[in-house]
Amino acid sequence: MVIVNTFREERNHFILEFHYLLDLTHKNEMVFREALLSFVLITGSILIVFLVFGLTWRNLMEERRLSELKSDFINNMTHELKTPLSTITVAGRTLEKEQIFTDRNKVLETARLIGKQSVHLNQLINTILEVSFLEREEFELDRHKVVIDELLQQVVTSFLTSCDGCAEIKEDYSTNGMEASVDIVYFTTMISNLLSNAVKYCDGEPVITVKAAAAGNDIEITVADNGLGIPSEHIGHIFEKFYRVPHGNIHKTKGLGLGLYYVRRIAMAHGGDVTVTSKPGRGSTFKIKIPIQKTS
Ligand SMILES: Nc1ncnc2c1ncn2[C@@H]1O[C@H](COP(=O)(O)OP(=O)(O)OP(=O)(O)O)[C@@H](O)[C@H]1O
Ligand SMILES: [Mg+2]
């Protein structure tokens, strides 16, 4: 194809002419090239349309999933808060009845129930507040050097005390006085969350193993249980905020879907991370890595 343009002057005007010349000796080649170009353009356009459609669809599905998670969370939270509140209300009404004062044990039992449910309510509210605090920019760790196996022993002891010896916990520390710089409060809650999950997601008698060992520049803390395990299709989501694996209507498995989100957030804030391996029906193993604090 050749384009020729000419320019000439005629009386009181100019003439500008364009000539579009087709070289028909290469006609077949040209037709093939044009067809190929059209094919590439059409295929490209179709691919782009599919790509845009696919991305929009994926975003819509993700938004829908997140909105379902949030609405599940609100349902769970309402249920979780309502349960101790109704127990406290009923216990309060019982204490208002005069005949109860003739039975000292009943009074004590009711008062204890109110105390226990208030603590539970307080813990729930704290969890929600803490998680929302973790997302603020001003969130900072208050780090202190600690001997990691000593801190783990304390966490295990206070966990067992608070749950009235609800599990058998085996401890195996080979860190021999190794130190890490951690926020004691957040670290304690992080390990307690793993312990409470190990108890909560177990059908029989919970047997938990807590280990600490050096692994390169990290301290590796392992919490392994003999619980329900986590099906593989859910394992990639369990550290997401509000995510809960459906366990049917098992009474013990109430929760807000915040515990493991908290664990990951705190492990990462310490410069580490958390991973999990699990076999449904056999148990799960959570591994937290925290950088070792070199002693000077
Ligand atoms: N040790 C475990 N064994 C089996 N499943 C577990 C274990 N730990 C967590 N899961 C699963 O992962 C989900 C998320 O756990 P996460 O601790 O974040 O939330 P939760 O326990 O449901 O609520 P909470 O906010 O009260 O901790 C749980 O719903 C549970 O299905
Ligand atoms: Mg939990």
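A few points on the structure. This structure is a prediction, so every number in the text was calculated from the model and none was measured.

Looking at the pattern of salt bridges
Then comes step 1: Within this structure, the stated rule accounts for eight salt bridges.
Then comes step 2: A salt bridge links Glu62 to Arg65, with the nearest nitrogen and oxygen atoms 3.4 Å apart. Separated by three residues within a single helix, Glu62 and Arg65 lie in helix α1 (residues 27-96), roughly one turn from each other.
Then comes step 3: Taking relative accessible area as the criterion, Glu62 reaches 38% and is therefore assigned partly exposed.
Then comes step 4: Linked through salt bridges whose partners overlap, the residues forming this network are Glu62, Arg65 and Glu240.

With respect to unusual backbone geometry
Then comes step 1: Of note, Asn176 is a non-glycine position whose phi angle comes to about 35 degrees, a positive value.
Then comes step 2: Positive phi outside glycine occurs at Phe242, with the angle close to 75 degrees.
Then comes step 3: Looking at the element boundaries, Phe242 is found in the loop between α5 (232-235) and α6 (259-269).

Structural notes on the site of ligand 1
Then comes step 1: Close contacts around ligand 1 come from 19 residues, with Tyr201, Arg244, His247, Leu258 and Leu260 the closest.
Then comes step 2: Between ligand 1 and Arg244, the relevant distance is 2.5 Å, taken from an oxygen atom to a side-chain nitrogen or oxygen of the residue.
Then comes step 3: Between Gly257 and ligand 1, the recorded distance is 2.9 Å, taken from a backbone N or O atom to an oxygen atom.
Then comes step 4: With the chains in place, 95% of the 600 Å² that ligand 1 exposes on its own is no longer accessible.
Then comes step 5: Going through the elements one at a time, α4 (184-200), α6 and β9 (283-291) are the ones with two or more residues in the shell around ligand 1.
Then comes step 6: Residue classes in the shell around ligand 1 are distributed as nine nonpolar, seven polar and three charged.

Cut-offs applied
- Residues numbered from 1 in each chain as written.
- Chains lettered and ligands numbered in written order.
- Predicted model: local features only at pLDDT ≥ 70, side-chain atom pairs only at ≥ 80, totals over all residues.
- Heavy atoms only, no water.
- Salt bridge = Lys/Arg side-chain N within 4 Å of Asp/Glu carboxyl O.
- Helix = DSSP H or I, 4+ residues; strand = E, 2+ residues; numbered from the N terminus.
- Buried < 20%, exposed > 50% of the residue type's maximum accessible area, 1.4 Å probe, protein only.
- Near = heavy atom within 4 Å.
- Polar contact = N/O pair within 3.5 Å; in protein donor to acceptor, adjacent residues only side chain to side chain.
- Areas by Shrake-Rupley, 256 points an atom, 1.4 Å probe, with all protein chains shown as cover.
- Nonpolar A, V, L, I, M, F, W, Y, C, P; charged D, E, K, R; others polar.

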